[in-house]
Structures are given as C-alpha cells and as structure tokens.
Amino acid sequence: MKETQHLQLRLIRDRYSVQATSGKLFVNGVFFGYTLEDTVRAHGIKVIGHTAIPAYIYQIKINYSNHFKRRMCLIYNQDDGSIDALGVQFTGIRFHGGNRHTDTSGCILIARNRISDEVIQGSLEKELTCLIDQAIESGKEVVFEIINS
C-alpha cells in the first residue's frame, strides 16, 4: 500500500456568531480538535483584526514567528507567505492556542474542547505544529482546506 504524499487538513466551520466562528479540524479525515476564529465575512470584506480568512485551499509551513517568538505553523497561498483569497489579503496567519476570539487577529485558535460557540479550551498548538513539522520533514506537502458549512 502506497503511503500518501501529503498531509490533508480540513477545517469545517460549523458555528457562526456575530463575533466568532467555530469549527472542527480533521487531519487525514480524523478529528483532531476544535477551532475558533474571528467572524466570517462576505467575499471582499475585511475588518482588520476581526475577520476570518476565506474558505479556500492553503498551504502550511513551519517558520519562526517574530510576534510569538517561536516556530509555528504559517498558513499561506502566496510565495511570500501571505494570503490573497477572494478579494482580501492577510499576513502572518497561524494556528495557535487561545480561548476566545479576542485572543486572535485573524489566526486560527486550536484546542481540545469546545466550551461554547465562542470559547474553546486546552491548546493543541504544540501537537499540531509537531504533526505538521514531521510531515514536512518526511517530504510530504501539507494541504489545508477550509469549508464553510
């Protein structure tokens, strides 16, 4: 049996509120954890620091974050590591720990537990970063798809 040459991450956004968007992250089809992001907005609309990245297909790499002062997952679709999707641009979008939408400015929070539509708990940042780092080190491409349900 041939081993897959990519690691597939799929975020299915399933709960929407005025201030936050929550969802479930799957890795190669297996549930990994809960996500929390800023608000999903109409195509081409961005409120800086309060808008989730568009549902789209992205790549992920691991690099050093000057903001967080550690190696982290970077979500991108442009050669310079930025995002340009459906009429909006973002830079420095990462997976990281946090509990509420106020803990992010466009990034995706990842955790073990969903407390409510606007609160998650139990960071999975280190586990996800390690998983992606191992995949990249073994030569796999990391593909990340976001779906609005």
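Scope of this entry: the structure provided in the associated data block. (Residues numbered from 1 in each chain as written. Predicted model: local features only at pLDDT ≥ 70, side-chain atom pairs only at ≥ 80, totals over all residues. Heavy atoms only, no water.)

Moving on: the pattern of salt bridges. If you walk through the whole model with that rule in mind, you get 7 salt bridges. One salt bridge connects Arg 13 with Glu 37, and the closest N-O pair in it is separated by 2.8 Å. Separated by 24 residues along the polypeptide, Arg 13 in strand E1 (residues 6-16) and Glu 37 in strand E3 (residues 30-37) bring together distant segments of the chain. Arg 114 serves as the salt-bridge partner of Asp 14, at 2.9 Å between the closest nitrogen and oxygen. Taken together, the residues Asp 14 in strand E1 and Arg 114 in strand E9 (residues 108-116) connect sequence positions 100 residues apart. On the basis of relative accessible area, Arg 114 is assigned to the buried category, the value being 16%. (Salt bridge = Lys/Arg side-chain N within 4 Å of Asp/Glu carboxyl O. Helix = DSSP H or I, 4+ residues; strand = E, 2+ residues; numbered from the N terminus. Buried < 20%, exposed > 50% of the residue type's maximum accessible area, 1.4 Å probe, protein only.)

On to the nonpolar core. Grouped together as the largest cluster of nonpolar side chains are 26 residues, with contacts concentrated most on Leu 9, Ile 53, Ile 60, Ile 75, Phe 95, Ile 132 and Phe 144. Setting aside anything within four residues of it in sequence, one finds Leu 9 in contact with Leu 25, Phe 26, Val 27, Ile 60, Phe 95, Leu 128, Ile 132, Val 142, Val 143, Phe 144 and Glu 145. Listed in part, the 5 residues of the second largest apolar core include Ala 20, Leu 36, Ala 111 and Ile 120. (Core = buried A, V, L, I, M, F, W, Y, C linked by side-chain atoms within 4.5 Å. Contact = heavy atoms within 4.5 Å.)

Let us look at the packing of aromatic side chains. Counted according to the given criterion, the structure contains 5 aromatic pairs. Ring geometry for Phe 26 against Phe 31: centres 5.9 Å apart, planes inclined by 75°, an arrangement best described as edge-to-face. In this structure Phe 26 comes out as partly exposed when scored by relative accessible area, which is 21%. One aromatic cluster is present, formed by Tyr 56, Tyr 58, Phe 95 and Phe 144 through successive ring pairs. In this structure, Lys 61 packs its charged tip against the face of Tyr 76, placed 5.0 Å from the ring centre. (Phe/Tyr/Trp six-rings, centres within 6.5 Å; stacked < 30°, edge-to-face > 60°. Lys NZ or Arg CZ within 6 Å of the ring centre and 35° of its normal.)

Below, the discussion takes up the environment of Lys 61. Within the secondary structure, Lys 61 is located in strand E4 (residues 57-65). Taking C-alpha positions, Lys 61 is 24 Å from Arg 100, a pair spaced 39 residues apart along the chain. With residues near it in sequence (within four places) discarded, Lys 61 still touches Met 72, Cys 73, Leu 74, Tyr 76 and Ile 136.

Turning next to the layout of surface pockets. By volume, the largest pocket is sized at about 240 Å³. In terms of lining, the largest pocket is formed by 17 residues, of which the most central are Thr 91, Gly 92, Ile 93, Ser 105 and Cys 107. Split into classes, the residues belonging to the lining of the largest pocket amount to 6 nonpolar, 9 polar and 2 charged. (1 Å grid on protein atoms, 1.4 Å probe; cavity = no way out; pocket = protein on both sides within 12 Å on 5 of 7 lines; lining within 4 Å. Points joined across faces, edges and corners; volume = space filled by probe spheres on them. Nonpolar A, V, L, I, M, F, W, Y, C, P; charged D, E, K, R; others polar.)

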